[in-house]
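Chain by chain, the residues run as shown.
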Amino acid sequence: MVSKDSPPTEYTARAWLVIFGAFTCAFCTVGFMNSFGIFQEYYTKNQLSASSTSTIAWLGAIAIFFLFATSVCAGAMVDIFGPALMLYVGSFGCVFALMMTSLCEKFYQFLLAQGVLLGISMGLVTWPMLALIGQYIKVKRAAAMGIVLGGSSLGGVIWPIAIDRLINNPSIGFPWTMRIVGFIMIPCLIFTCAVAKSPIPPTTNVESCDSEHEGIEDTTQEKDKQQSHKEEALTLLRKPSLHLLCLAMFVIYFGMFSPFFYTTSYAVEKGFSTSLAFYTVSIVNGASFFGRVLPGIIADKYGKFNCCIIATISAGVIALTWTKVTSVAGLVVWSAAYGFASGGILSLQQACAAQVSTSTTLGLAIGTVSASTALSAMANVPISGALVERYGYLSLSIFSGASLLLGGLLLIVARLMQNRQLRAIV
């Protein structure tokens, strides 16, 4: 029996609807983005066979850049205007970009449709939903973020397999594969738009019409509220802990996604079967699902920064052992281990950003931290490709591991700036 004095749970039916809506959103956006390796291989052999592999890789890099770069504007706008407008525009843009991609034949057309338009549209959908989760869930926020971002891992498992089967089916081909993906996303994104409502609806003062004096008071209060929000936003942007968190994530993203994109090619080079090589991406993303959900639950009890530091350093150590994998069993275990550790980083990043913010600047905090990773996430793909071509996979392993370990050290500094006690829950 629940005590009358116990506080009401945050996980209400309304909150769960928003969580599921954000889950399907992550499945369609970041989850779909994880399947770019399939397109990279297909374009190399078909429409863009005249272009180099590194040139084609820029399609995925540009899409990732715009996905993260839009986070600052999207996060700040959701704090002020709510999520509805951005979700509608972004959802339409995602489907439209996929339909346009199905008609593309030249590189610049793919760059505009699958790179620029799809990246921006997915950003307009993703970041408002993450900020909305933070507005609903304030105590056990890391767990909620982990569940939501688990949708991107599930997408990273399902989309590559589905797209590979469709795109290589002679009766379907590339154009209808992209259209089918768009049709699948339509009901998912409609559900996301339908449930995405702010927990505090905009208030209206009906009685203000009866008195000019009350109307003046309402206007003054509204101006004071806007001024207060600007001051809170400026205070947040001046926080050293936020600066260090942004710098840490910027460094981490330089090498974090390298195993996601290059485990398949590494497996092929080592002589493993093509089918096993293909499924390594699904293994990484499948383990990443548990890595995003479980650390989030634990972080609510032991601290967001504490758990993120452990996940980052663990991922760095695992990345350094990449080239020591020489057997099938070793490749499977390594892929699962790296997927789990890196999944913790991705889910706890948002929880750490929310921790340094207030309830009215949560969207701005998440957007700022995510935007700080845009350039490094974009640069990760071509840098990784250049390292593999010139120096082999050992150099990529060292690069990935070093960026993660350095980012982990910066996270430790950011954590100590909030509380210098080693056993503190931060």
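Details of the structure are given in the entry above.
Counting restarts for each chain, with residues numbered from 1 along the sequence as it is written. Since the coordinates come from a predicted model, pLDDT governs what is reported: local features require at least 70, and pairs of side-chain atoms require 80 or more to be given and counted, while whole-chain, interface and lining totals use all residues. Side-chain numbers come from the whole structure's heavy atoms, not from hydrogens or water.

Draft legend 1. Quick look at the pattern of salt bridges. Each reported salt bridge corresponds to a side-chain nitrogen of Lys or Arg within 4 Å of a carboxyl oxygen of Asp or Glu. Under the definition given, this model contains 1 salt bridge. With a shortest N-O distance of 3.5 Å, Lys 304 and Asp 300 are connected by a salt bridge.

Draft legend 2. Region of interest: helix H9 (residues 173–195). Secondary structure elements follow DSSP: runs of H or I no shorter than four residues count as helices, runs of E no shorter than two count as strands, and numbering proceeds from the N terminus. Every helix has an expected span of 1.5 Å times one less than the residues it contains. Given a rise of 1.5 Å per residue, 23 residues ought to cover 33 Å, and the 34 Å separating the end C-alpha atoms of H9 matches this to within 8%. The angle between axes fitted to the seven-residue stretch ending at a residue and the seven-residue stretch beginning at it gives the bend at that residue. By the largest-angle criterion, Ile 186 marks the main kink of H9, which is about 25°, and a proline, Pro 187, follows within four residues. Note on exposure labels: buried denotes an accessible area under 20% of the residue type's maximum, exposed denotes more than 50%, and partly exposed covers the range between, all computed with a 1.4 Å probe on protein chains only. Within H9 the residues assigned to the buried category are Gly 173, Phe 174, Thr 177, Met 178, Arg 179, Val 181, Gly 182, Met 185, Leu 189, Thr 192, Cys 193 and Val 195. Between two residues, a contact is recorded if the distance between any of their heavy atoms is within 4.5 Å. Elements that come into contact with the buried residues of H9 comprise helix H1 (13–28), helix H2 (30–33), helix H3 (36–45), helix H6 (84–101), helix H7 (107–136) and helix H8 (141–167).

Draft legend 3. A look at the side chain of Ser 395. Mapped onto the fold, Ser 395 is located in helix H18 (residues 393–418). The definition of a polar contact used here is a pair of N or O atoms within 3.5 Å, where within protein one atom must be able to donate a hydrogen and the other to accept one, and adjacent residues in sequence count solely through side-chain atom pairs. A polar contact of 3.3 Å, which involves the side chain of Ser 395, links it to the backbone oxygen of Leu 387.

Draft legend 4. The arrangement of empty space enclosed by the protein in detail. Only protein atoms enter the 1 Å grid, on which a cavity is a set of points fitting a 1.4 Å probe that cannot get out and a pocket is an open set with protein on both sides within 12 Å along at least 5 of 7 lines, lining residues being those with an atom within 4 Å of a point. Grid points are joined across faces, edges and corners, and a volume is the space filled by probe spheres set on the points. Tallying each qualifying case throughout the model produces 3 cavities of 30 Å³ or more. Looking at the largest cavity, its volume works out to about 230 Å³. Taken together, 18 residues line the largest cavity, and the ones lying closest to its centre are Val 30, Leu 67, Phe 68, Phe 257 and Leu 346. When contributions to the lining of the largest cavity are tallied by element, the ones reaching two or more residues are H2, helix H4 (53–69), H7, H8 and helix H15 (328–355). Partitioning the lining of the largest cavity into residue classes produces 12 nonpolar, 5 polar and 1 charged. Lining of the second largest cavity is provided by Phe 32, Met 33, Ser 35, Phe 36, Phe 39, Leu 59, Gly 60, Ala 63, Gln 114 and Leu 118. Mapped by element, the contributors of at least two residues to the lining of the second largest cavity are H2, H3, H4 and H7. Broken down by element, the lining of the second largest cavity gets its largest block of residues, 3 residues, from H4. Residue classes follow a fixed rule: Ala, Val, Leu, Ile, Met, Phe, Trp, Tyr, Cys and Pro count as nonpolar, while Asp, Glu, Lys and Arg count as charged, and any other residue, Gly among them, counts as polar. Of the residues in the lining of the second largest cavity, the class split is 7 nonpolar, 3 polar and no charged.

Draft legend 5. Structural context of the nonpolar core. Of all hydrophobic cores here, the largest spans 129 residues; its most connected members are Phe 32, Tyr 43, Met 185, Met 249, Tyr 253, Met 256 and Tyr 338. Sequence-distant contacts of Tyr 43, that is, excluding residues within four places in its chain, are made with Leu 48, Ser 49, Ile 56, Leu 59, Thr 101, Phe 110, Gln 114 and Phe 174. For our purposes a nonpolar core is just a set of buried Ala, Val, Leu, Ile, Met, Phe, Trp, Tyr and Cys residues, chained together by side-chain atoms within 4.5 Å.

Draft legend 6. Just a nonpolar patch on the surface, in detail. A cluster of nonpolar side chains, namely Trp 16, Leu 17, Phe 20 and Phe 191, defines an oily patch on the protein surface of about 340 Å² accessible area. Take the nonpolar patch: its biggest share by element is 3 residues, from H1. Residues forming no salt bridge and having over 30% relative accessible area are the ones grouped into patches, like charges within 9 Å of each other and nonpolar side chains (Val, Leu, Ile, Met, Phe, Trp, Tyr) within 5 Å. Only the protein chains shown count as cover for residues, with accessible areas throughout obtained via the Shrake-Rupley method and a probe of 1.4 Å.

Draft legend 7. Quick look at the packing of H4 against H7. The contact between H4 and H7 brings their axes to 7 Å, and the two run at 25°. On the basis of their axis angle, the class for H4 and H7 is roughly parallel. Note that H4 runs across H7; the crossing there is right-handed. Seen from H4, the contacting residues are Thr 55, Ile 56, Leu 59, Ile 62, Ala 63, Phe 66, Leu 67 and Phe 68; seen from H7, they are Phe 107, Phe 110, Leu 111, Gln 114, Gly 115, Val 116, Gly 119, Ile 120, Met 122, Gly 123, Thr 126 and Trp 127. Looking at the contact of H4 with H7 residue by residue, the class counts come to 14 nonpolar, 6 polar and no charged. Only the stretch in contact is used when a helix axis is fitted, and all axes are lines through C-alpha atoms; the angle between N-to-C directions ranges over 0 to 180 degrees. Oblique is the label for every angle not falling under 35 degrees (roughly parallel), over 145 degrees (roughly antiparallel), or within 65 to 115 degrees (roughly perpendicular). Whether a crossing is left-handed or right-handed is set by the direction in which the near helix is turned from the far one by less than a right angle, anticlockwise for left-handed and clockwise for right-handed.

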